[in-house]
Amino acid sequence: MGKVNNYQRTDKIFLFIKHIKIYAFDILKTFKALAIISITLITARIDCREKIIPNEAIVCILSIACVLMIINAFTNTVEALAIFIDSIVAMLIGVLLFAASKVISKNGVGMGDIKLVGALGLYLRTYALMGVLLVALISIAIYGLIKIISKSATAKDEIPFGPFVAFGVTTCMMLGF
């Protein structure tokens, strides 16, 4: 028996992860979708109750995104750099878009929302982030209009954005973004 070094073990583990399939679904993609749905649903509940998005949720999303990028670097070396750049671009788009919205609306958007969208950009990448934001913004607009028309809220009332992001993430993950 020859001695196996750590590099060979690591290489075998990543090859194993790359080739695991459950009912024709990639287990890594399934984990990625379930993890982000779970985190955003928990964050949505906290945002509804306390009007704050906890930094722990942001750190959790960023940590998982970094681990997934490292796994991707070993399992998909050809596209790893492009995926990394796309993730960084999506994070910057999300942060800059919502930071501009905060400045324009004079604090209508909270810092937690900005950090959440930035972390989701790193996690989901550009295409999926745009889908999530489209669903979230359309749903919050419909909700706000219904509240104003029914006179149970005014245009000045605060609406937590976390639940709508969770709805957008769940919808997009279920549709396979």
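Quick note: structure is the one above.
This write-up is about the structure you can find in this document. (Residues numbered from 1 in each chain as written. Predicted model: local features only at pLDDT ≥ 70, side-chain atom pairs only at ≥ 80, totals over all residues. Heavy atoms only, no water.)

Below, the discussion takes up a nonpolar patch on the surface. On the surface, a cluster of nonpolar side chains totalling about 610 Å² of accessible area is made up of Leu81, Phe84, Ile85, Val89, Ile93, Leu97 and Met130. Among the elements that make up the nonpolar patch, the one with the highest residue count is helix H4 (residues 80–104) (6 residues). By the element assignment, Ile85 lies in helix H4. Exposure remark for Ile85: the relative accessible area of 45% places this residue in the partly exposed category. (Patch = residues over 30% accessible without salt bridge, like charges linked within 9 Å, V, L, I, M, F, W, Y side chains within 5 Å. Areas by Shrake-Rupley, 256 points an atom, 1.4 Å probe, with all protein chains shown as cover. Salt bridge = Lys/Arg side-chain N within 4 Å of Asp/Glu carboxyl O. Helix = DSSP H or I, 4+ residues; strand = E, 2+ residues; numbered from the N terminus. Buried < 20%, exposed > 50% of the residue type's maximum accessible area, 1.4 Å probe, protein only.)

Here we take up helix H5 (residues 111–149). Here H5 is 39 residues long, yet its end C-alpha atoms lie only 28 Å apart, well below the 57 Å a rise of 1.5 Å per residue gives. Looking one or two places after H5, you find Lys151, whose phi comes out positive at around 60 degrees. (Expected span 1.5 Å × (residues − 1).)

Glancing now at the packing of H4 against H5. Contact geometry for H4 and H5: axes closest at 7 Å, N-to-C directions at 130 degrees. On the basis of their axis angle, the class for H4 and H5 is oblique. Classified by chirality, the crossing of H5 by H4 is right-handed. Class assignment of the residues belonging to the contact of H4 with H5 gives a composition of 17 nonpolar, 5 polar and 3 charged. (Axes fitted to C-alpha atoms, helices over the stretch in contact; angles between N-to-C directions. Parallel < 35°, antiparallel > 145°, perpendicular 65-115°, else oblique. Left-handed = near helix turned anticlockwise from the far one by under 90°. Nonpolar A, V, L, I, M, F, W, Y, C, P; charged D, E, K, R; others polar.)

Axis angle and axis distance: for two packed helices, these are the angle between their axes and the distance between the axes, and together they describe the pair. In contact at an axis separation of 9 Å, helix H3 (residues 55–75) and H5 are set at 15 degrees when each is read in the N-to-C sense. Relative to H5, the element H3 is oriented roughly parallel. Crossing of H3 over H5 shows left-handed handedness. Contacts from Asn55, Ile58, Ile61, Leu62, Ile64, Ala65, Leu68 and Met69 in H3 reach Gly112, Lys115, Leu116, Ala119, Leu120, Leu122 and Tyr123 in H5. Of the residues assigned to the contact of H3 with H5, the class counts are 12 nonpolar, 2 polar and 1 charged. (Contact = heavy atoms within 4.5 Å.)

It is worth spelling out H3 at this point. Between its first and last C-alpha atoms H3 spans 30 Å; for 21 residues at 1.5 Å apiece the expected length is 30 Å, and the two agree. Every buried residue belonging to H3 is among Ala57, Ile58, Ile61, Ile64, Ala65, Leu68, Met69, Ile71, Asn72 and Thr75, and all of these are buried. Buried positions in H3, seen along its axis, are confined to an arc of 165 degrees and lie on one side of it. (Arc of directions from axis to C-beta.)

The tendency in soluble globular proteins is for nonpolar side chains to be buried side by side. Formed by 36 residues in total, the largest nonpolar core has its most connected members in Ile36, Ile61, Leu120, Tyr123, Leu124, Phe161 and Val169. Within the residue set of this core, elements represented by two or more residues are helix H2 (27–50), H3, H4, H5 and helix H6 (162–174). Tallying contributions element by element places H5 first for this core, with 14 residues. Among residues more than four places away in sequence, those in contact with Val169 are Ile36, Ile37, Thr40, Leu120 and Val132. (Core = buried A, V, L, I, M, F, W, Y, C linked by side-chain atoms within 4.5 Å.)

The next thing to look at is unusual backbone geometry. Here Lys51, not a glycine, exhibits a phi torsion of approximately 55 degrees, which is positive. With respect to the helices, strands and loops of the structure, Lys51 is situated in the loop between H2 and H3. Positive phi, normally seen in glycine, also occurs at Arg125, with a value near 80 degrees. With respect to the helices and strands, Arg125 occurs in helix H5.

Interpretation in functional terms is not warranted from these geometric data alone.
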